[in-house]
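Here's the letter readout for the chains.
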Amino acid sequence: MGSHVLEIALLYDLHCHSTASDGVLSPADLVTRAHTKGVTHLALTDHDTVGGLAEAAAVAAELGLQLINGIEISSQWQGINIHIVGLNIDIKASSLATLIESQHRARAERAEEIARRLAKLGFENCLQGAARYAGGDLLGRPHFARYLVEIGAVSSVNQAFKKYLGNGKAGDVKQGWPEFEQVIQAIKEAGGIAVLAHPLRYGLTITKLRRLLEYFVKHGGQGLEVVSGQQSSNETETLVGLGERFSLYASCGSDFHVPDQPWQDLGGFGKLPAPCTPVWHAWSVS
Ligand code: AMP
Ligand code: MN
Ligand code: MN
Ligand code: MN
């Protein structure tokens, strides 16, 4: 007798942020929102921390949502700031803990330098101001951006990046993030899958992006974020092609940070196109 298989719509969102880094929802509220939006499998991937995962896991268990342990780590490749998402990681792994610790130190030092530079432009007390927007001790540019909005220096977070914090601006402090391969290695040692985050957001030519991917794969990178929030179908096509060329697993995620941006909401992105091998095949038993 053939077994009757009940079709349940699975929705994976494998990239988002809570107050543990630069998101504005607590891990509990984030998981609840994801559940409301129909997400069945969620990876919380805060910048350089796993601090939100315990709270997220507790709420996920209550709601019957599958939580995947994740992180998004800042690294550098040829001096360019590249983000690597680690999925299905063991959060107790020592390799990861060591890296996270040094990332925290690096972020603290960088935040002081950002504040010094903003002070030179006449914006006082930015370190304290930004810290109020950060749940933990992990400061990023969005926290400074929110403070600049608060004091009326700019009208929006976007403007803050445009004028003071974005690429090449005064507050864009070039941090000595760890090398690309070191980050991939730490994720692998934690039993996770290293995924190149939002590949088209680094401003690289396609030739340079291919070079980056070659290097990524050579050092153990296994996944490519093929679908993310706010992406055109042309861009998706480009990424599908690159994923196939380098035999990478395909990931998808919103990169959700704040609830009032409907184009970047939890679960709110297109399906992974057919040729892709979903990254969850790497860890889920069929
Ligand atoms: P950081 O981690 O301090 O390097 O800051 C990078 C973060 O800033 C990203 O993860 C985004 O959340 C945010 N971000 C970067 N560019 C922009 C932008 N143009 N507008 C708003 N947020 C941005
Ligand atoms: Mn962010
Ligand atoms: Mn990122
Ligand atoms: Mn992100």
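Below you will find a few notes about this structure. Just so we're clear, the structure is a prediction, and the values are computed from it rather than from any experiment.

Before going further, it helps to spend a moment on the sheet that holds strand S5 (residues 193-196). Strand order across the open sheet formed by seven strands is S1-S2-S3-S4-S5-S6-S7, with mixed pairing between neighbours. Bordering the open sheet on either side are strand S1 (12-13) and strand S7 (249-253), each of which pairs with just one other strand.

This brings us to the coordination of the manganese ion (ligand 3). Bound to the manganese ion (ligand 3) on the protein side are Glu72 (OE), His83 (ND1) and His198 (NE2), at distances that span 2.1 to 2.2 Å. Written as a sequence motif, the donor residues of the manganese ion (ligand 3) are E-x10-H-x114-H. The distance between the manganese ion (ligand 3) and the manganese ion (ligand 2) is 5.5 Å. Linking histidine 83 in strand S4 (residues 80-87) with histidine 198 in the loop between S5 and helix H8 (206-218), this pair joins segments that are 115 residues apart in sequence. Neither residue differs from the other here; histidine 83 and histidine 198 are each classed as buried.

Tracing the backbone through its elements, the reader meets serine 254 in the segment after S7. Here histidine 15 takes part through its backbone oxygen, which lies 3.4 Å from a polar atom of the side chain of serine 254. A distance of 3.2 Å separates a polar atom in the side chain of serine 254 from the backbone nitrogen of phenylalanine 256. Beyond its immediate sequence surroundings of up to four residues, serine 254 is in contact with Asp13, His15, Cys16, Gly229, Gln264, Asp265, Leu266, Gly267 and Phe269.

With that settled, the discussion passes to the layout of surface pockets. There is about 1,600 Å³ of room inside the largest pocket. For the lining of the largest pocket, the secondary structure elements donating two or more residues are strand S3 (66-77), S4, helix H3 (94-120), helix H5 (141-150), helix H6 (157-165) and helix H9 (233-245). Residues belonging to the lining of the largest pocket are distributed by class as follows: 14 nonpolar, 24 polar and twelve charged. As a volume, the second largest pocket reaches approximately 230 Å³. The wall of the second largest pocket is formed by Leu10, Leu11, Tyr12, Cys252, Phe269, Gly270, Lys271, Leu272, Pro278 and Trp280. Considering only residue class, the lining of the second largest pocket consists of eight nonpolar, one polar and one charged.

Our focus in this paragraph is the coordination of the manganese ion (ligand 4). In an ideal tetrahedron of four donors about a metal, each angle is 109.5 degrees. In an ideal octahedron of six donors, the angles are 90 or 180 degrees. Around the manganese ion (ligand 4), the donor atoms from the protein are His15 (NE2), His17 (NE2), Glu72 (OE) and Asp255 (OD), and they sit 2.1 to 2.2 Å away. Counting along the primary sequence, the residues that act as donors to the manganese ion (ligand 4) give the motif H-x1-H-x54-E-x182-D. In this structure the manganese ion (ligand 2) is found 4.6 Å away from the manganese ion (ligand 4). Of this pair, histidine 15 sits in the loop between S1 and helix H1 (27-36) while glutamate 72 is found in strand S3, placing the two residues 57 residues apart along the sequence. For histidine 15, a relative accessible area of 0% puts it in the buried group.

What follows covers the pairing of S4. Summarising burial for S4: seven of the eight residues are buried, a large majority. Inspection of the sheet shows S3 paired to S4 by eight bridges, in the antiparallel sense. When the bridges of S4 are listed, tryptophan 77 appears paired with isoleucine 80. Taking the residues between adjacent antiparallel strands as the criterion, S3 and S4 are bridged by two residues, where glutamine 78 takes a positive phi near 50°. Note that S4 and S5 share four bridges and pair antiparallel. Within the sheet, the bridge partner assigned to isoleucine 84 lies in S5 and is leucine 196.

Definitions and cut-offs
- Residues numbered from 1 in each chain as written.
- Chains lettered and ligands numbered in written order.
- Predicted model: local features only at pLDDT ≥ 70, side-chain atom pairs only at ≥ 80, totals over all residues.
- Heavy atoms only, no water.
- Pairing = 2+ DSSP bridges.
- Helix = DSSP H or I, 4+ residues; strand = E, 2+ residues; numbered from the N terminus.
- Donors = N, O, S within 2.8 Å, 3.2 Å for Na, K, Ca; no water.
- Buried < 20%, exposed > 50% of the residue type's maximum accessible area, 1.4 Å probe, protein only.
- Polar contact = N/O pair within 3.5 Å; in protein donor to acceptor, adjacent residues only side chain to side chain.
- Contact = heavy atoms within 4.5 Å.
- 1 Å grid on protein atoms, 1.4 Å probe; cavity = no way out; pocket = protein on both sides within 12 Å on 5 of 7 lines; lining within 4 Å.
- Points joined across faces, edges and corners; volume = space filled by probe spheres on them.
- Nonpolar A, V, L, I, M, F, W, Y, C, P; charged D, E, K, R; others polar.

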